[in-house]
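Secondary and tertiary structure notes
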Amino acid sequence: MRHACALRSVDDPLHVNYSDKNTNREDRLATVELTNISKCFGRTAVIDGLSMSLNPNEFMVFLGPSGCGKSTLLRMIAGLETVDSGEIRIGGRRVDHLPPGERGVAMVFQHYALYPHMTIRDNMAFGLRNVGVARDEIAARVAAAARSLEIEHLLERRPGQLSGGQRQRAAIARAIVKQPQVFLFDEPLSNLDASLRVRTRVELAGLHQRLGTTMIFVTHDQVEAMTLADRIVVLNDCRIEQVGTPMDIYLRPATSFVAGFVGSPRINLLPVRIEAAAEGLARATLPDGTLVQTAVPTAALPQGDTTVGLRAEHVRIASEGAAARGTARVVERLGERTLVHVELKGGAMLVAEDAGLSTVRAGDEVGLSIDGARAHLFDAAGRGHHAAG
Amino acid sequence: MAIDAPARARRRPAGWANALFVLPYLIVFVAMIVVPLAMGMWLSTTKSDLFGVEAQVGFANFTRLARDPIFLETVWNTFYFVLLTVPALTLIGLGLALVLNRPARWASVLRTIFFVSTVLSVTVVTLVWQLVFTPDGGLIAVAAEALGGSPVAFLNDQDLAMPAIAVTTIWWCIGLPMVLFLAALQQVPRDLYEAARLDNASRWKTLTRITLPSIRRTFLLVVIIEIILQFQLFGQPQLMTRGGPNNATRPIVLFIYETGWRQWELGYAAAAAQVLFAMILIAAMAQYFVASRKDDR
Ligand SMILES: Nc1ncnc2c1ncn2[C@@H]1O[C@H](COP(=O)(O)OP(=O)(O)OP(=O)(O)O)[C@@H](O)[C@H]1O
Ligand SMILES: [Mg+2]
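**Overview of the layout of surface pockets**
All names here are of chain B. In this structure, the second largest pocket encloses a volume near 430 Å³. In this structure, the second largest pocket is lined by 18 residues; those nearest its centre are I256, A269, A270, A273 and Q274. Of all the secondary-structure elements, those providing two or more residues to the lining of the second largest pocket are helix 1 (4-43), helix 13 (252-261) and helix 14 (266-296). In terms of residue count, helix 14 provides more of the lining of the second largest pocket than any other element does, eight residues in total.

**A few points about the site of ligand 1**
All names here are of chain A. Close contacts around ligand 1 come from F41, V46, P65, S66, G67, C68, G69, K70, S71, T72, E187 and H220, and that covers them all. Surface burial for ligand 1 is 56%, taken as the share of its 640 Å² of free accessible area covered by protein chains. Per-element accounting of the shell around ligand 1 gives the leading share, three residues, to helix 2 (residues 70-78). Classifying every residue of the shell around ligand 1 gives four nonpolar, six polar and two charged.

**So, unusual backbone geometry**
Residue and element names in this part refer to chain A. In the segment running from S264 into P265, the intervening peptide bond is cis, with an omega of 0°. Within the secondary structure, P265 sits in the loop between helix 9 (256-261) and strand 11 (268-276). Residue Q179 is not a glycine yet carries a positive backbone phi of 45°. By secondary structure assignment, the location of Q179 is in the loop between helix 5 (164-176) and strand 7 (182-186). In this model, C238 sits at a positive phi of 70°, which is unusual for a non-glycine residue.

**Here we look at empty space enclosed by the protein**
A full pass over the atoms with the stated rule returns five cavities of 30 Å³ or more. In this structure, the largest cavity encloses a volume near 50 Å³. Around the largest cavity, the lining residues are A106, M107, F109, R174, A175 and K178 of chain A together with A195, L198 and D199 of chain B. For the lining of the largest cavity, the elements supplying multiple residues, two or more each, are strand 6 (105-108) and helix 5 of chain A together with helix 9 (190-198) of chain B.

**Examining the nonpolar core**
Grouped together as the largest cluster of nonpolar side chains are 75 residues, with contacts concentrated most on L34, M52, F62, L73 and L184 of chain A. Among the elements that line this core, the one with the most residues is helix 3 (residues 69-100) of chain B, at eight residues. Residue contacts for F62 of chain A: discarding those within four places in its chain leaves M52, K70, L73, L74, I77, I216, F217, V218, T219, V233 and L235 of chain A. Grouped together as the second largest cluster of nonpolar side chains are 48 residues, V108, A146, L162 and L189 of chain A included.

**A word on the domain arrangement of chain A**
Residue and element names in this part refer to chain A. Its domain assignment divides chain A into domain 1 (25-257) and domain 2 (267-385). Once you take the C-alpha centre of each, domain 1 and domain 2 turn out to be 39 Å apart. Taken together, the contact pairs seven residues of domain 1 with eight residues of domain 2. Across the interface of domain 1 and domain 2, roughly 620 Å² is buried in total on both sides, 52% from carbon and sulfur atoms. A per-residue breakdown of the area domain 1 buries against domain 2 is headed by Y250, P253 and S256, which together make up 70% of the total.

Thresholds applied
Residues numbered from 1 in each chain as written. Chains lettered and ligands numbered in written order. Predicted model: local features only at pLDDT ≥ 70, side-chain atom pairs only at ≥ 80, totals over all residues. Heavy atoms only, no water. 1 Å grid on protein atoms, 1.4 Å probe; cavity = no way out; pocket = protein on both sides within 12 Å on 5 of 7 lines; lining within 4 Å. Points joined across faces, edges and corners; volume = space filled by probe spheres on them. Helix = DSSP H or I, 4+ residues; strand = E, 2+ residues; numbered from the N terminus. Near = heavy atom within 4 Å. Areas by Shrake-Rupley, 256 points an atom, 1.4 Å probe, with all protein chains shown as cover. Nonpolar A, V, L, I, M, F, W, Y, C, P; charged D, E, K, R; others polar. Core = buried A, V, L, I, M, F, W, Y, C linked by side-chain atoms within 4.5 Å. Buried < 20%, exposed > 50% of the residue type's maximum accessible area, 1.4 Å probe, protein only. Contact = heavy atoms within 4.5 Å. Domains from an automatic or database assignment. Buried area = accessible area lost by both parts, 1.4 Å probe.

As structure tokens, this is what we get:
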């Protein structure tokens with residue numbers, strides 16, 4: 001059990017900000033800058049020399065597989081983990097040595113962390129009372145937050161008397177009343193059922209538009225990341241793989257890890273031989289001998305082992321003009337489209353897409369048309385190379 | 001309803017099968033608890049000695065108890081002792097648990113040290129504390145002399161003997177409440193504390209608004225367990241003061257023991273035992289109801 005000494009001094013700038021009724025919106029538009037952050041647990045480095053910066057009003061998503069350090073990074077920003085080296089600034093103010101309560105952040109936990117023996121109203125008011133916000137101001141903020149999240153009728157209940165989705169809203173409301181400079185979310189949707197998750201996702205996006213506050217959202221769900229984010233930080237193994245807008249990350253993955261992690265079904269990654277072709281663009285030869293004319297300039301491409309990345313939507317089942325042939329092994333019907341797992345000559349597998357009403361059945365011989373212009377190439381180090389422009 | 005009848009018919013044999021699973025416990029429970037309890041109650045309405053029941057006397061033993069000044073004094077002594085020990089055990093146990101509930105090495109060493117006294121037998125414990133309390137060369141006497149005071153004969157002083165026994169008991173029994181509180185503290189989700197830190201809660205606020213409400217049930221449990229245990233005070237006064245001086249440390253159990261096994265008045269002793277049983281029951285129930293009413297609020 002670690003307690004931070006969280007008694008704030010009266011002349012603390014944030015304190016004034018809190019109790020000021022006319023808190024102006026610009027005050028809450030804060031940048032977040034991380035410079036050379038490192039963190040070790042014992043001897044294992046979890047975050048290693050990481051830097052990034054968030055613009056005011058930005059919705060940033062940390063995306064990565066389990067155990068890559070997303071939560072640790074978020075908790076360092078919140079002040080729940082110490083930083084071994086590096087600087088964290090929020091709104092230009094250095095915060096890495098401040099206790100969590102004084103950083104101007106509010107966090108929504110994965111398991112909500114609502115105080116079980118307090119009513120929802122008290123849960124929301126607790127943090128405000130601790131910094132001495134006036135009573136009527138607390139009442140007004142609680143009422144406003146409850147209204148915007150439609151939990152007014154639940155205010156007198158305890159967390160144990162709420163459903164998972166209601167608890168979730170209460171937890172978000174508790175964060176909102178603090179009027180923080182930055183919202184931190186640690187996988188807040190992972191405990192909800194699928195339909196509620198989609199609904200809450202949309203509401204979160206709406207909330208961000210209404211409040212206009214900087215938000216950081218941790219998830220390992222790429223759909224959440226793609227739909228919510230202004231920018232995504234893809235993390236893997238303690239390192240940043242790529243920072244970019246969702247479409248950037250989808251269309252121009254910086255590494256083969258990003259390409260493989262984002263997009264469903266998973267991108268097809270096949271080893272290829274490369275030769276220069278017309279206009280300095282690389283031509284790749286798939287393991288079964290199929291030629292794919294890419295739009296990637298050869299000039300930037302280093303020698304050595306190369307992998308081609310082909311998304312399923314760019315490999316289509318075709319009866320005529322097929323570039324490659326193979327045998328359908330598994331057919332997944334998703335309704336609006338059909339995914340066909342095709343075995344090429346030589347054993348390589350490739351996922352191709354077909355219309356929803358596809359007639360392909362497992363075992364069928366199928367032709368494939370490959371949109372080479374949309375192909376990505378990854379060099380031996382895993383770095384991505386894309387069509388120019 | 002039509003569907004109900006077969007359902008009920010099917011459930012009946014299953015019910016008997018279920019009873020089979022509790023049967024072993026039930027047998028032990030009846031043999032070890034219900035039967036002795038009933039025998040004690042029956043014995044308390046008789047005049048008996050070791051050779052058997054002499055006569056049925058109804059409630060005569062109880063009216064005699066109500067007029068027996070020594071018995072009344074033992075009742076008071078027992079209450080006094082419970083009052084001295086139970087709040088102290090609960091609060092000190094809680095305090096130790098709060099301080100020692102951390103992963104540091106020194107904390108785990110101290111946890112072990114505080115628990116070790118619990119495994120000592122009452123003989124050892126009272127011997128150790130007699131050495132502390134004795135006026136000739138005892139620890140406290142030596143310390144008092146070094147500071148210029150005069151030694152006090154704690155165990156021979158009518159006012160100090162019971163507090164001395166209480167201190168001995170607290171030292172001996174502190175391990176159990178501490179361990180129970182430690183277990184409870186470890187059950188409190190960590191993210192509650194993290195949320196409290198983000199909410200600017202002071203240490204005091206965190207303790208009173210997060211920690212204590214979360215371990216309320218354990219608090220109640222500890223109080224009830226300790227009431228039941230400490231009402232049965234026996235070994236410490238038996239070994240340290242023999243109930244003296246002037247009956248000041250004679251508790252009910254010692255009264256029962258001496259009446260039953262020194263004076264061979266089994267019926268009278270059994271009646272005193274029933275009184276003790278009723279007192280423990282009432283105290284525990286009262287505690288339980290008070291606490292659970294607050295719970296519903
Ligand atoms: N208190 C700790 N002590 C030691 N190692 C830790 C501690 N907390 C986290 N780690 C390690 O740090 C790494 C990153 O953990 P973190 O919780 O940040 O992962 P994550 O990306 O949030 O994963 P998930 O998606 O499963 O929540 C993991 O390998 C984990 O084992
Ligand atoms: Mg995590």
